[in-house]
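Structural overview for review
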Amino acid sequence: MARVRLTRVACSRLGAFQRRGDSSTRRKRSLWCCSTSSSSPSPCSSELFEQVLFIETGFGADQHGQDATKACVRACRNAIEFNSIPSIQKVVPGGYDSMKLAIKIGTPFPQTVDAARVRSVFPYGSIVQVELVEGGLNCSSGIVLESQGDKTDEFLIAVAAVTVGW
(Lines give C-alpha, C1' and ligand atoms only; values in the text may rest on other atoms or scores of the structure.)
Protein backbone atom coordinates (compact mmCIF):
# COMPACT_ATOMS: atom_id res chain seq x y z
CA MET A 1 0.00 0.00 0.00
CA ALA A 2 1.38 3.41 -0.98
CA ARG A 3 2.06 5.94 1.72
CA VAL A 4 0.16 9.14 0.98
CA ARG A 5 1.88 12.35 1.96
CA LEU A 6 0.03 15.66 2.17
CA THR A 7 2.06 18.76 1.53
CA ARG A 8 0.94 22.36 1.72
CA VAL A 9 1.80 24.23 -1.47
CA ALA A 10 1.01 27.66 -2.83
CA CYS A 11 -1.25 27.78 -5.89
CA SER A 12 -1.45 31.14 -7.58
CA ARG A 13 -2.91 30.74 -11.08
CA LEU A 14 -6.44 29.94 -9.96
CA GLY A 15 -6.09 32.05 -6.83
CA ALA A 16 -8.93 34.23 -5.69
CA PHE A 17 -9.01 37.81 -6.88
CA GLN A 18 -8.92 40.72 -4.47
CA ARG A 19 -10.51 43.93 -5.72
CA ARG A 20 -8.51 47.08 -5.08
CA GLY A 21 -10.12 50.06 -6.69
CA ASP A 22 -10.26 49.56 -10.46
CA SER A 23 -7.53 46.92 -10.61
CA SER A 24 -7.56 43.33 -9.50
CA THR A 25 -4.60 41.38 -8.23
CA ARG A 26 -4.13 37.70 -7.67
CA ARG A 27 -3.35 36.42 -4.22
CA LYS A 28 -1.83 33.05 -3.55
CA ARG A 29 -3.92 30.35 -1.91
CA SER A 30 -2.55 27.45 0.03
CA LEU A 31 -4.02 24.14 -1.07
CA TRP A 32 -3.33 20.59 -0.05
CA CYS A 33 -2.02 18.37 -2.81
CA CYS A 34 -1.42 14.67 -2.45
CA SER A 35 1.66 12.77 -3.45
CA THR A 36 2.26 9.04 -3.23
CA SER A 37 6.02 9.36 -3.37
CA SER A 38 8.59 10.71 -0.99
CA SER A 39 9.71 13.31 -3.53
CA SER A 40 8.20 16.77 -3.73
CA PRO A 41 4.48 16.81 -4.49
CA SER A 42 3.07 17.22 -7.94
CA PRO A 43 1.80 20.72 -8.67
CA CYS A 44 -1.82 21.47 -7.90
CA SER A 45 -3.79 21.05 -11.10
CA SER A 46 -4.62 24.77 -11.15
CA GLU A 47 -0.89 25.50 -11.47
CA LEU A 48 -0.87 23.57 -14.76
CA PHE A 49 -3.38 25.85 -16.48
CA GLU A 50 -3.58 29.43 -17.62
CA GLN A 51 -7.36 29.15 -17.21
CA VAL A 52 -9.51 26.40 -15.71
CA LEU A 53 -12.89 26.06 -17.44
CA PHE A 54 -14.55 23.35 -15.37
CA ILE A 55 -14.01 20.23 -13.30
CA GLU A 56 -15.92 17.06 -14.12
CA THR A 57 -16.39 14.32 -11.54
CA GLY A 58 -17.31 10.67 -11.77
CA PHE A 59 -17.15 7.35 -10.03
CA GLY A 60 -16.54 3.83 -11.23
CA ALA A 61 -16.51 0.38 -9.70
CA ASP A 62 -15.24 -3.11 -10.29
CA GLN A 63 -17.55 -5.42 -8.38
CA HIS A 64 -15.77 -8.62 -9.41
CA GLY A 65 -12.15 -9.17 -10.33
CA GLN A 66 -10.50 -6.61 -8.04
CA ASP A 67 -9.20 -4.54 -10.97
CA ALA A 68 -8.42 -0.98 -9.82
CA THR A 69 -7.65 0.07 -13.41
CA LYS A 70 -11.13 -0.98 -14.53
CA ALA A 71 -12.70 1.06 -11.70
CA CYS A 72 -10.55 4.11 -12.63
CA VAL A 73 -11.39 3.86 -16.35
CA ARG A 74 -15.09 3.69 -15.47
CA ALA A 75 -14.76 6.69 -13.13
CA CYS A 76 -13.14 8.77 -15.88
CA ARG A 77 -15.72 7.72 -18.47
CA ASN A 78 -18.47 8.60 -15.99
CA ALA A 79 -16.92 12.04 -15.49
CA ILE A 80 -16.92 12.92 -19.19
CA GLU A 81 -19.61 10.82 -20.87
CA PHE A 82 -22.62 13.12 -20.45
CA ASN A 83 -20.93 16.33 -21.56
CA SER A 84 -21.14 18.11 -24.88
CA ILE A 85 -19.01 21.22 -25.18
CA PRO A 86 -19.58 22.56 -28.70
CA SER A 87 -18.02 25.95 -27.92
CA ILE A 88 -14.51 24.65 -27.06
CA GLN A 89 -13.27 25.89 -30.46
CA LYS A 90 -14.43 29.42 -29.53
CA VAL A 91 -13.61 29.39 -25.81
CA VAL A 92 -10.17 27.74 -25.77
CA PRO A 93 -7.47 29.57 -27.74
CA GLY A 94 -6.37 26.94 -30.27
CA GLY A 95 -9.49 24.78 -29.76
CA TYR A 96 -9.27 21.08 -28.95
CA ASP A 97 -5.54 21.02 -29.78
CA SER A 98 -4.82 23.45 -26.92
CA MET A 99 -7.25 22.00 -24.39
CA LYS A 100 -5.49 20.55 -21.32
CA LEU A 101 -6.71 17.89 -18.92
CA ALA A 102 -5.51 17.03 -15.42
CA ILE A 103 -6.91 13.84 -13.93
CA LYS A 104 -6.91 13.02 -10.23
CA ILE A 105 -8.26 9.67 -9.09
CA GLY A 106 -8.76 8.31 -5.61
CA THR A 107 -8.71 4.53 -5.70
CA PRO A 108 -7.80 1.54 -3.58
CA PHE A 109 -4.39 0.20 -4.66
CA PRO A 110 -3.29 3.18 -6.84
CA GLN A 111 0.08 1.54 -7.48
CA THR A 112 -1.67 -1.20 -9.52
CA VAL A 113 -3.42 1.17 -11.95
CA ASP A 114 -2.36 1.19 -15.62
CA ALA A 115 -2.20 4.95 -16.30
CA ALA A 116 -2.00 4.35 -20.08
CA ARG A 117 -5.44 2.70 -20.02
CA VAL A 118 -6.80 5.64 -18.00
CA ARG A 119 -5.32 8.12 -20.52
CA SER A 120 -6.95 6.24 -23.41
CA VAL A 121 -10.42 7.26 -22.16
CA PHE A 122 -9.97 10.89 -23.23
CA PRO A 123 -10.56 11.59 -26.93
CA TYR A 124 -9.49 15.26 -26.94
CA GLY A 125 -6.93 17.51 -25.35
CA SER A 126 -3.49 16.90 -23.98
CA ILE A 127 -3.25 15.22 -20.61
CA VAL A 128 -0.83 17.23 -18.47
CA GLN A 129 -1.22 15.14 -15.32
CA VAL A 130 -2.62 11.83 -14.09
CA GLU A 131 -2.48 11.71 -10.31
CA LEU A 132 -3.41 8.46 -8.60
CA VAL A 133 -3.91 8.64 -4.84
CA GLU A 134 -5.00 6.20 -2.17
CA GLY A 135 -8.73 6.71 -1.79
CA GLY A 136 -12.04 5.56 -3.14
CA LEU A 137 -13.55 2.61 -1.32
CA ASN A 138 -12.77 -1.05 -0.88
CA CYS A 139 -15.78 -2.91 0.46
CA SER A 140 -17.33 -6.37 0.30
CA SER A 141 -19.42 -7.43 -2.67
CA GLY A 142 -20.89 -10.14 -0.49
CA ILE A 143 -19.85 -13.00 -2.77
CA VAL A 144 -16.82 -14.48 -4.51
CA LEU A 145 -17.53 -15.39 -8.14
CA GLU A 146 -14.49 -17.23 -9.46
CA SER A 147 -16.11 -17.37 -12.92
CA GLN A 148 -15.82 -13.55 -13.04
CA GLY A 149 -12.20 -13.46 -11.90
CA ASP A 150 -12.77 -12.94 -8.19
CA LYS A 151 -9.96 -13.86 -5.85
CA THR A 152 -11.72 -12.24 -2.88
CA ASP A 153 -15.08 -10.56 -2.25
CA GLU A 154 -13.53 -7.08 -2.60
CA PHE A 155 -15.56 -4.44 -4.46
CA LEU A 156 -13.32 -1.56 -5.64
CA ILE A 157 -14.71 1.95 -6.12
CA ALA A 158 -12.73 4.85 -7.62
CA VAL A 159 -13.60 8.55 -7.81
CA ALA A 160 -12.22 10.89 -10.47
CA ALA A 161 -11.91 14.63 -10.91
CA VAL A 162 -11.05 15.82 -14.43
CA THR A 163 -9.92 19.43 -14.66
CA VAL A 164 -10.36 20.99 -18.11
CA GLY A 165 -8.77 24.23 -19.26
CA TRP A 166 -5.89 25.65 -21.27
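1. Section: the overall build of the protein chain
Across its full length, the protein chain carries three helices and nine strands. In sequence order, the protein chain lays out its α and β elements as β-β-β-β-β-α-α-β-α-β-β-β. A total of 166 residues make up the protein chain; the buried ones form 37% of that total. Nonlocal contacts in the protein chain, meaning residues at least 24 apart in sequence, comprise 72% of its contacts between residues at least 6 apart.

2. Here we look at unusual backbone geometry
In this structure, Gln66 is a non-glycine residue whose phi angle is positive, near 55°. Examined against the element boundaries, Gln66 turns out to sit in the loop between strand E5 (52-62) and helix H1 (68-80). Of note, the phi angle at Phe109 is positive, near 60°, even though the residue is not glycine. By the secondary structure assignment, Phe109 is in the loop between strand E6 (100-107) and helix H3 (115-119).

3. Description of the side chain of Gln66
Judged by relative accessible area, Gln66 falls into the buried class, the value being 18%. At a separation of 3.1 Å, a polar atom in the side chain of Gln66 contacts the side chain of Asp150. Polar contacts involving the side chain of Gln66 include one to the main-chain carbonyl oxygen of Glu154, which spans 3.0 Å. Leave out the neighbours within four places in its chain, and Gln66 touches Gly149, Asp150, Lys151, Thr152, Asp153, Glu154 and Leu156.

4. Topic: the state of the cysteines
Across all of its chains, the model carries zero disulfides by this definition. You can see Cys76 has no disulfide; the closest cysteine sulfur is in Cys72, sitting 6.8 Å from it. Cys76 sits in the buried class, given a relative accessible area of 0%.

Thresholds, definitions, all that
- Sequence positions are assigned chain by chain, starting from 1 and proceeding in written order.
- Note on the predicted model: pLDDT of at least 70 is required for a residue's local features to be given, and 80 or more for side-chain atom pairs to be given and counted; whole-chain, interface and lining totals, by contrast, use all residues.
- Calculated side-chain values reflect all of the structure's heavy atoms, with hydrogen atoms and water omitted.
- Here a helix means four or more residues in a row that DSSP labels H or I, a strand means two or more in a row labelled E, and each is numbered from the N terminus.
- Relative accessibility under 20% of the residue-type maximum defines a buried residue, over 50% an exposed one, and the middle range a partly exposed one, all with a 1.4 Å probe and only protein chains included.
- Contacts: residue pairs with any heavy atoms within 4.5 Å of one another.
- Counting of polar contacts relies on pairs of N or O atoms within 3.5 Å, with two restrictions inside protein: one atom must be capable of donating a hydrogen and the other of accepting it, and residues adjacent in sequence are counted only when both atoms are side-chain atoms.
- Disulfide assignment relies on a single distance test, namely cysteine sulfur atoms paired within 2.5 Å.

By themselves, these figures tell us nothing about what the structure is for.
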